[in-house]
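Architecture at a glance
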Amino acid sequence: MDTQILHVGSRPRALELDFIGDLACPWSFIGKRNLARALDSLYGTTVRVQRWHGLPLAGVARSGWREHLSSRLPAGGDVDEAQRKLESVGRDLDIAFHFERIAALPDTREAHRLVHRAGQDSRQGELIDSMFRAFFETGRDISNPLVLVQLASEAGVDESVREAFTSGPKGRDEVLSEERRRRGLGVEGVPNLLLNRRGLVPGAAEGPTYTHALDQALFAESSTEERQ
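Our subject in this report is the structure included herewith. Small disclaimer: the values here were computed from a predicted structure and weren't measured. (Residues numbered from 1 in each chain as written. Predicted model: local features only at pLDDT ≥ 70, side-chain atom pairs only at ≥ 80, totals over all residues. Heavy atoms only, no water.)

**Observations regarding the nonpolar core**
Formed by 53 residues in total, the largest nonpolar core has its most connected members in L23, L127, M131, F136 and L214. In terms of residue count, helix α5 (residues 124-138) provides more of this core than any other element does, seven residues in total. With residues up to four places along the chain from it excluded, the contact list for L23 reads W52, T108, A111, H112, V115, I128, M131, F132, F135, F136 and I142. Counting five residues, the second largest nonpolar core, distinct from the first, contains I20, L55, V187 and V190. (Core = buried A, V, L, I, M, F, W, Y, C linked by side-chain atoms within 4.5 Å. Buried < 20%, exposed > 50% of the residue type's maximum accessible area, 1.4 Å probe, protein only. Helix = DSSP H or I, 4+ residues; strand = E, 2+ residues; numbered from the N terminus. Contact = heavy atoms within 4.5 Å.)

As structure tokens, then:
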């Protein structure tokens, strides 16, 4: 049974979450699912501001998937073993990783631009999940604008958002600027979770770790308000 965390206070607390990830990073997919489960275990919050910040791992040039994964492992790490571990963790989160269907690591900047365009759409979360599943479960090319628009349609993203995405490069400068800013701050790896602009949870944490961090953030905000 999932443990339910209940905050007792004068009024419901608010959480502000900033998740930094890449749509072609399996640990970002796992982290996003674990975070969703952790949020489902919390009571006592009425406002949950969740922002997605894309940090592409791929440059303009595409590279082979296995070569890329090998570069993210500790020295001497085995790609096949890493994939088996990811598949095992994924099964517990309803993720069906099929790495054999992935040929190359895509440039995800356009995918992040579409997510950015959908920032005010209530279906943004569904779009992100759709992109993750398309790439890791079916091997679809999420660097292809036609594929991205189709995924947005399947996720129920408003037609006006899709049309704005295909009509020109609007939003590209904002996405690139944010990427440069985060790299300038020394953020190179993903995923990372920032809570209420204060606490940081690096890496793809397990569900209980996210739950504890969320709980700590809520109580920290409560203590601050009580002292004021």
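Further notes follow.
**Focus: the pattern of salt bridges**
Evaluated as defined, the whole model comprises 18 salt bridges. A salt bridge links R140 to E154, with the nearest nitrogen and oxygen atoms 3.8 Å apart. Placement of the pair is R140 in the loop between α5 and α6 (145-154) and E154 in helix α6, with a sequence separation of 14 residues. Where E179 meets R183, a salt bridge forms, and the shortest distance between an N and an O atom there is 3.2 Å. (Salt bridge = Lys/Arg side-chain N within 4 Å of Asp/Glu carboxyl O.)

**Section: the packing of aromatic side chains**
Counting across every chain of the model gives twelve aromatic pairs. Between W52 and F132 the ring centres are 6.0 Å apart and the planes differ by 80°, which places this aromatic pair in the edge-to-face class. Linking W52 in strand β4 (residues 45-54) with F132 in helix α5, this pair joins segments that are 80 residues apart in sequence. Each member of the pair, W52 as well as F132, carries the same accessibility label: buried. Three or more aromatic residues link up through ring pairs in this structure, and these residues are F19, F29, W52, W65, F97, F99, F132, F135 and F136. (Phe/Tyr/Trp six-rings, centres within 6.5 Å; stacked < 30°, edge-to-face > 60°.)

**Points about the layout of surface pockets**
Approximately 430 Å³ is the volume attributed to the second largest pocket. Forming the walls of the second largest pocket are 21 residues, and the residues nearest its centre are K32, Q50, Q124, G125 and I128. Residue assignment for the lining of the second largest pocket shows that the elements contributing at least two residues are β2 (13-21), α1 (26-40), β4 and α5. Residues belonging to the lining of the second largest pocket are distributed by class as follows: nine nonpolar, five polar and seven charged. (1 Å grid on protein atoms, 1.4 Å probe; cavity = no way out; pocket = protein on both sides within 12 Å on 5 of 7 lines; lining within 4 Å. Points joined across faces, edges and corners; volume = space filled by probe spheres on them. Nonpolar A, V, L, I, M, F, W, Y, C, P; charged D, E, K, R; others polar.)

**Points about α6**
Taken residue by residue, α6 has V147, L148, L151 and A152 as its buried positions. End-on view of α6: buried residues confined to an arc of 140°, all on one side of the axis. Against the buried residues of α6 lie α4 (109-117), α5 and α7 (159-167). The residue sitting at the N-terminus of α6 and contributing the capping side-chain oxygen is N144; that oxygen lies 2.9 Å from the backbone nitrogen of L146. A positive phi of about 85° marks G156, the residue just after α6. (Arc of directions from axis to C-beta. Polar contact = N/O pair within 3.5 Å; in protein donor to acceptor, adjacent residues only side chain to side chain.)

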